[in-house]
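# What the coordinates show
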Amino acid sequence: MAEPLVNQYRGRLAPSPTGYLHLGHARTFWVAWQRARTAHGKLIFRNEDLDYQRCRPKFVSAMYEDLRWLGLDWDEGPDLDGDAGHGSSFAPSFGPYSQSERRSFYLEAWRNLRDGGFIYPCTCSRKDLERSLSAPHEALHAAEMNQPAPQEDEPQRDDRFAEASPTATPGADDELPYPGICRDKIATAGEYDSPAGVSWRFKVPDDETTSFEDGYFGKQQFVAGRDFSDFLLWRRDDIPAYQLAVVVDDAAMRITEVVRGADLLKSTARQLLLMRALGYSVPAYFHCPLLRDEKNVRLAKRHDALSLRALRERGVDPAELRKQFAEAIEWRRGLMRG
Ligand SMILES: [Zn+2]
């Protein structure tokens, strides 16, 4: 029996422990915190640690420490009571709050998408994709080939993870286009009892326009098959892809507003298609403008000098940082009273 959540604002902080958080993450997380508190809502900390090859335990504890140093707090999270996922009738829990412990949720969604005819197994190797994309008549967006793949902080080749990314270049934060080679295999999806062994892609409705109203940037529009293609849903190394994990968790944790970096605007369009396929309700969105360094390069986890850890060691006053954030971004925009 869940407590009444109707009209209650539920936001989230969803960093990935692949490095120390930097000023760009801090600003976006501060906005998320500020909006949740102003709306008298709840803030959920979600540890996006699915990518076991890149995530490190020391960065998990650093995320808590550094964000608390900045002055943020949260109401639910892996480091608070209730992470076991049981809760009580007085304090229901939406945990566990670390993605690595939520595999059963993702598997259930995978089964639903398989049964609904929304996804297909993809056996393309990286070489297959490069070959097909270099042939102009087959390429969906050959020009995008040279762009770094989605991940927020460090470009990663085959999928994106971690939500923290308030810092990437808009438009450059994208999955490699997929030319649809395996689309016909959608007929064989039912033969799979589990997603393991191949990767899985979501079949996008070609030419359909997906629009949403962003709390900061206003109306956004993306066309499936043009702005993005059949995106990864489950990775070949048997972990759910970023898009699936985020959508499943935001729904299960009853998130009402997603605050994150502007590099994820296009991902929001993908996620809306996924939510529709899964029958989820849609949260509000507030994408924060990206932060760049003095050379106009987007901040990344390699900007060590601008990590929260380094700023703290240099004696920077967190109150001064929060003041700068408040002056730099109209964080109140579109905020409804809580
Ligand atoms: Zn394929």
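### Some details on the pairing of strand 8 (residues 257–261)
Counting buried residues in strand 8 gives five out of five residues, a clear majority hidden from the surface. Taking the sense of rotation as the criterion, the β-α-β connection linking strand 8, helix 6 (residues 265–278) and strand 9 (residues 284–288) turns out right-handed.

### Overview of helix 6
Taking 1.5 Å per residue as the helical rise, helix 6 with its 14 residues ought to reach 20 Å, and the 20 Å between its terminal C-alpha atoms agrees with that figure. By the burial criterion, the buried members of helix 6 are Leu265, Lys266, Ser267, Thr268, Ala269, Arg270, Gln271, Leu273 and Leu274. Residues of helix 6 that are buried sit in contact with strand 4 (199–202), strand 5 (209–214), strand 6 (218–223), strand 7 (231–234), helix 5 (242–252) and strand 9. Positioned one or two residues after helix 6, Gly279 has a phi angle of 75 degrees, which is positive.

### Description of the sheet that holds strand 7
Ordered in space as 3-4-7, the three strands form an open sheet in which the pairing is antiparallel. Each end of this open sheet is capped by a strand with a single partner; those strands are strand 3 (119–122) and strand 7. Between one strand axis and the next, the sheet turns through 45 degrees on average, direction left out of account. Sheet topology note: the strand 3/strand 4 ladder contains four bridges and is antiparallel. Bridging across to strand 4, Ile119 finds its partner in Phe202.

The rules behind each value
Residues numbered from 1 in each chain as written. Predicted model: local features only at pLDDT ≥ 70, side-chain atom pairs only at ≥ 80, totals over all residues. Buried ≥ 20, exposed ≤ 12 C-beta atoms within 10 Å, placed from the backbone. Helix = DSSP H or I, 4+ residues; strand = E, 2+ residues; numbered from the N terminus. Right-handed = clockwise from strand over helix to strand, strands pointing away. Expected span 1.5 Å × (residues − 1). Contact = placed C-beta atoms within 7 Å. Pairing = 2+ DSSP bridges. Axes fitted to C-alpha atoms, helices over the stretch in contact; angles between N-to-C directions.

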